[in-house]
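The chain contents come next:
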Amino acid sequence: MKSGSKSPSASGSAASSAGSLPSGDRTYSPADVLKFKKPTPGFLVPFQTSPPVQFLAFTIKDKKSGHVFFETKRPDLDAGTVVPLADLIVPDGLDPDMLRTVNYDFGADFLDCATVSTSLVFAVGARPVSNFRMIERHYFGDQLIKSFDFTFGFGIPHSVNTWESVYEVPPIDKKLRAKMIAEPRKTMADSFYFVDDKLVMHHKATFEFSVPAAAAAAGAASGRRGSGGK
């Protein structure tokens, strides 16, 4: 099992825009994606039915309180065994890119977490995976708000591994926080996965930070009182 922790880089470090991506069959390095200041317009690598690794379980939680914001896993993990990796099957009529896009709703409390921990269980295919690295770029609209960079290292063929990471989340100013809550799915992330500094997988995510119904009702009532309403 490997673990990692890295503070986010400042948004000002990004030097170029993802909007001017070159076309063709070029490969992308970590240095390339660390320059992006906004989400990529599409995926930088084709969808693979036999990726070098497959994700089996994923958990996101508040490191301090232990509160779980998101958890998913393959059913066969409960039995302590893992079904051998097989080619991913894309149902007829389904856009394969939907299989590498996740839509999260963490709730507004997530934005107050100073430290978030994640646990990713993944299986390696028939070939070894060396210098396995993940870079995540988080945006609100076309504004880079945080960037994370984690390295797992080496994964032996046919192994199942747990990758634990700790995110030191930078403070979010009140105006940006309010916008992130009020404008669902405008908060986005690109997750880039590298093997030996070559981009091999690219996933995307959108985020919603919904306010619980009771809290929303209380806020509305407070607003009415403040404006003289009843």
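Here is a short report on the structure shown in this document. (Residues numbered from 1 in each chain as written. Predicted model: local features only at pLDDT ≥ 70, side-chain atom pairs only at ≥ 80, totals over all residues. Heavy atoms only, no water.)

**Some details on the pairing of strand 3 (residues 68-73)**
Moving on, step 1. The sheet contact formed by strand 2 (residues 53-62) and strand 3 spans five bridges and is antiparallel. Within strand 3, the position partnered with Lys61 by the bridge is Val68.
Moving on, step 2. Connecting strand 2 to the antiparallel partner strand 3 that follows it, the hairpin turn spans five residues, and Gly66 within it adopts a positive phi of roughly 85°. (Pairing = 2+ DSSP bridges. Helix = DSSP H or I, 4+ residues; strand = E, 2+ residues; numbered from the N terminus.)

**Some remarks on the sheet that holds strand 10 (residues 198-208)**
Moving on, step 1. The five strands lie next to each other as 4-10-9-6-7, forming an open sheet whose pairing is mixed. In the strand order of this sheet, the two ends are held by strand 4 (101-105) and strand 7 (143-155), each with one partner. On average, each strand axis in the sheet is tilted by 20° relative to the strand beside it, whichever way the strands run.
Moving on, step 2. Relative to strand 10, strand 4 runs parallel, the two being bridged by five bridges. Bridging from a neighbouring strand, Thr101 pairs with Lys204 of strand 10. (Axes fitted to C-alpha atoms, helices over the stretch in contact; angles between N-to-C directions.)

**Remarks on the packing of aromatic side chains**
Moving on, step 1. Applying the stated criterion across every chain, the model contains 21 aromatic pairs.
Moving on, step 2. Their ring planes at 90° and their centres at 4.9 Å tell us that Phe70 and Tyr104 sit as a pair that is edge-to-face. Separated by 34 residues along the polypeptide, Phe70 in strand 3 and Tyr104 in strand 4 bring together distant segments of the chain.
Moving on, step 3. A residue is classified by how much of its surface remains accessible, and Tyr104, at 10% relative accessible area, is buried. (Phe/Tyr/Trp six-rings, centres within 6.5 Å; stacked < 30°, edge-to-face > 60°. Buried < 20%, exposed > 50% of the residue type's maximum accessible area, 1.4 Å probe, protein only.)

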